[in-house]
Amino acid sequence: MMTARRRLRCGHDHRGPLRRRRPARPGGVTFPVATEPRGRAVAPDLTSAVHTTDNDLVCVDRAGEVRWRHAFGTAQHEVSGVRAGCAFSHDGTTVWLFRPDAMGHCNDSRDTWHVLDATTGALLAGAGLGTAGHGGDHHVHPNGTDVLLDVGEG
């Protein structure tokens, strides 16, 4: 049972990904979560949300119950200042995940980009990137099929 809860707020127009800099509208949708989220996104149908922590990607329902969890792997040592990023596809069937493994000193220390099934959390595809970023922001293209990734390497 979760004791301390935080809330993810959904303040977007419900047709695209959560925009972090835009404040939530009155009556916005919230999702209780157990830990402070690093990155976050809300499904287009508003039934679930995903958020990243330092160690994993977590999908929760409207009540805050965990639907699935995707672990990032083993960190070689604790590093601050890195943030994994996530986004739902426009149709809500997939979740995109950027893992800053190079700066986070995880796994083989190569940044990676993954696509997961939004219902089950099953890994559908993944690729190593030639980046060493602190974080990554996803931009879901209006065509509904393309996703752009902006990796912060500064």
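Residues numbered from 1 in each chain as written. Predicted model: local features only at pLDDT ≥ 70, side-chain atom pairs only at ≥ 80, totals over all residues. Heavy atoms only, no water.

S.K.: Teacher, can you tell me more about the sheet that holds strand β10 (residues 123-128) here?
M.R.: The strands that make up a sheet are held in pairs by hydrogen bonds between backbone atoms, and each pair lies either parallel or antiparallel. What the four strands build is an open sheet, ordered β7-β8-β9-β10; its pairing is antiparallel. Of all the strands in the sheet, the pair left with one neighbour each is β7 (85-88) and β10. If you compare each strand with its neighbour and ignore which way they point, the axes differ by 15 degrees on average. Pairing between β7 and strand β8 (residues 94-99): four bridges, direction antiparallel. Its bridge partner lying in β8, Phe88 is registered against Val95. (Pairing = 2+ DSSP bridges. Helix = DSSP H or I, 4+ residues; strand = E, 2+ residues; numbered from the N terminus. Axes fitted to C-alpha atoms, helices over the stretch in contact; angles between N-to-C directions.)

S.K.: Sorry, what's going on with the packing of aromatic side chains here?
M.R.: Each aromatic ring pair is described using two quantities: the centre-to-centre distance and the angle formed by the ring planes. Following the criterion strictly, the structure yields one aromatic pair and no others. Judged by centre distance (5.2 Å) and plane angle (45 degrees), the ring pair of Trp96 and Trp113 falls under tilted. You can see Trp96 sitting in strand β8 and its partner Trp113 sitting in strand β9 (residues 112-117), a full 17 residues away along the chain. Over the ring of Phe31 we find Arg62, and its NZ or CZ is 5.7 Å from the ring centre. (Phe/Tyr/Trp six-rings, centres within 6.5 Å; stacked < 30°, edge-to-face > 60°. Lys NZ or Arg CZ within 6 Å of the ring centre and 35° of its normal.)

S.K.: Help me understand the confidence of the model for the chain, please; the structure alone is not making it clear to me.
M.R.: Should the pLDDT be low somewhere, the predicted coordinates at that spot are not to be read in detail. Confidence in the prediction for the chain averages 79 pLDDT; 74% of positions are at 70 or higher. Counting interchain partners and residues more than four positions distant, the pLDDT-below-50 stretch residues 1-26 has 63 contacts. (pLDDT = per-residue confidence, 0-100. Contact = heavy atoms within 4.5 Å.)

S.K.: Where do I start with the environment of Ala87 in this structure?
M.R.: Along the chain, Ala87 falls in strand β7. The exposure class of Ala87 is buried, given its relative accessible area of 2%. For the pair formed by Ala87 and Val140, sequence separation is 53 residues and the distance between their alpha carbons is 7.8 Å. (Buried < 20%, exposed > 50% of the residue type's maximum accessible area, 1.4 Å probe, protein only.)

S.K.: I'm lost on the state of the cysteines in this one. Help?
M.R.: Cysteine pairs can be covalently joined through their sulfur atoms, and such a bond is termed a disulfide. Across all of its chains, the model carries zero disulfides by this definition. Left without a disulfide partner, Cys59 is nearest to the cysteine sulfur of Cys86, which lies 10.0 Å away. Since its relative accessible area comes to 0%, Cys59 is described here as buried. Residue classification places Cys86 among the buried residues on the basis of a relative accessible area of 9%. (Disulfide = S-S within 2.5 Å.)

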